[in-house]
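Descriptive analysis of the structure
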Amino acid sequence: MSFEIRKIVSYVEETLIEGGKATDKPITMVGLAVVMKNPWAGRGFVEDIRSELNPHASELGALMVERLSAAIGGADKIEAYGKAAVVGADGEIEHASAVIHNLRFGNHYRQAVNAKSYLSFTNKRGGPGTSIQIPMMHKDDEGARSHYVTLEMQIEDAPRADEIVVVLGASDGGRLHPRIGSRYIDLEELAAEQAQQAQ
């Protein structure tokens, strides 16, 4: 691996009851994190980070998608997906963003799950044990609010000041017992309300 990886962390969460109501189909969410040395930390302002990143982003994406897919039982089970990155104190938010906002990295995930939607994301600065939120949405439908879910995890010793934590998230379903409708229902209702007001 071209990036210097200190550890790989997986987190699995299975929800069986929500709002006091059980389900016959539990929802599993998985986070797969790579803790890597920030290649730009301690170097001052680096103007051209893309040329250093591009040769290695694909390799990192392939590794993470393979591990994540295995952790959830196969890429075909993934309905919602997302990504996140946290940079340590000696880095810039741009360093975290550079790794996850790169098609050479993200296309591995989109292709593995045959996705139409873009990958929702967060990128931030934090220290060891910081909360990492991975927002997700339906891989084929940005308007499916049932699949607006967020996986939260933390790694007690990461990121160190000179590290970046890169994370992919996956869910095999949406929230348990979704009841708020979809964006499309809102659009229909708003259109009907406007038409009624125009009369």
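Residues numbered from 1 in each chain as written. Predicted model: local features only at pLDDT ≥ 70, side-chain atom pairs only at ≥ 80, totals over all residues. Heavy atoms only, no water.

The protein carries the name Amino acid synthesis family protein in an unreviewed UniProt entry, which gives Pseudomonas benzenivorans as its organism.

Some points on the pattern of salt bridges
With the rule as written, the count across this model stands at seven salt bridges. Here Lys 37 and Asp 162 are joined by a salt bridge, their closest N and O atoms 3.0 Å apart. With Lys 37 in strand E2 (residues 21-37) and Asp 162 in the loop between strand E6 (149-153) and strand E7 (163-171), this residue pair connects regions lying 125 residues apart in the sequence. Between Glu 52 and Arg 43 there is a salt bridge, and its shortest N-O distance comes to 2.8 Å. Through salt bridges with shared partners, a single network forms among Arg 6, Lys 7, Asp 157 and Glu 163. (Salt bridge = Lys/Arg side-chain N within 4 Å of Asp/Glu carboxyl O. Helix = DSSP H or I, 4+ residues; strand = E, 2+ residues; numbered from the N terminus.)

Comments concerning unusual backbone geometry
Look at the link from Ala 158 to Pro 159: it is a cis peptide, with omega at 0°. Turning to its location among the elements, Pro 159 is positioned in the loop between E6 and E7. Within the chain, Asn 114 stands out as a residue other than glycine whose phi angle is a positive 55°. Its place among the elements puts Asn 114 in the loop between helix H3 (103-112) and strand E4 (120-125). Of note in this structure, His 177 is not a glycine but carries a positive phi near 55°. Positionally, His 177 belongs in the loop between E7 and helix H4 (183-198).

Topic: the pairing of strand E5 (residues 132-138)
Taking burial as the measure, the seven residues of E5 include six buried ones, the bulk of the element. Looking at chain direction, strand E3 (residues 80-87) and E5 are connected through two bridges and run antiparallel. Within E5, the position partnered with Tyr 81 by the bridge is Met 137. The sheet contact formed by E5 and E6 spans five bridges and is antiparallel. (Buried < 20%, exposed > 50% of the residue type's maximum accessible area, 1.4 Å probe, protein only. Pairing = 2+ DSSP bridges.)

A word on the packing of helix H1 (residues 50-72) against H3
With their axes 6 Å apart at the nearest point, H1 and H3 run at an angle of 25° to one another. What the angle tells us is that H1 and H3 run roughly parallel. Within the contact between the two elements, H1 uses Arg 50, Asn 54, Ala 57, Ser 58, Leu 60, Gly 61, Ala 62, Met 64, Val 65 and Leu 68 and H3 uses Arg 104, Phe 105, His 108, Tyr 109 and Ala 112. Tallied by class, the residues present in the contact of H1 with H3 amount to nine nonpolar, four polar and two charged. (Axes fitted to C-alpha atoms, helices over the stretch in contact; angles between N-to-C directions. Parallel < 35°, antiparallel > 145°, perpendicular 65-115°, else oblique. Contact = heavy atoms within 4.5 Å. Nonpolar A, V, L, I, M, F, W, Y, C, P; charged D, E, K, R; others polar.)

Details of helix H2 (residues 93-100)
Judged by how many residues are buried, H2 sits mostly within the fold: six of eight residues are covered. Within the sequence span of H2, burial applies to His 95, Ala 96, Ser 97, Ala 98, Val 99 and Ile 100. Buried residues belonging to H2 abut E2, H1, E3, H3, E4 and E7.

Here's the deal with the packing of aromatic side chains
Enumeration according to the criterion identifies one aromatic pair in this entry. Measuring from centroid to centroid gives 5.0 Å for Tyr 81 and Tyr 109, while their planes differ by 70°, and the two rings are edge-to-face. Taken as a pair, Tyr 81 in strand E3 and Tyr 109 in helix H3 lie far apart in primary sequence, 28 residues in all. Exposure remark for Tyr 109: the relative accessible area of 1% places this residue in the buried category. (Phe/Tyr/Trp six-rings, centres within 6.5 Å; stacked < 30°, edge-to-face > 60°.)

Some points on the side chain of Asn 38
Here Asn 38 shows up in the loop between E2 and H1. Relative accessible area serves as the criterion here: at 2%, Asn 38 is assigned to the buried category. Discounting residues that sit within four places of it in the chain, Asn 38 has contacts with Val 87, Gly 91, His 95, Asp 162, Glu 163 and Ile 164.

Quick look at H3
Within H3 the residues assigned to the buried category are Phe 105, Gly 106, Tyr 109 and Arg 110. Considered in projection along H3, the buried side chains sweep an arc of 120° and stay on one side of the axis. Opposite the packed face of H3, turned more than 90 degrees from it, sit the exposed residues Leu 103 and Gln 111. Against the buried residues of H3 lie H1, E3, H2 and E7. The N-terminus of H3 is capped by Asn 102, whose side-chain oxygen sits 2.8 Å from the backbone nitrogen of Arg 104. Positioned one or two residues after H3, Asn 114 has a phi angle of 55°, which is positive. (Arc of directions from axis to C-beta. Polar contact = N/O pair within 3.5 Å; in protein donor to acceptor, adjacent residues only side chain to side chain.)

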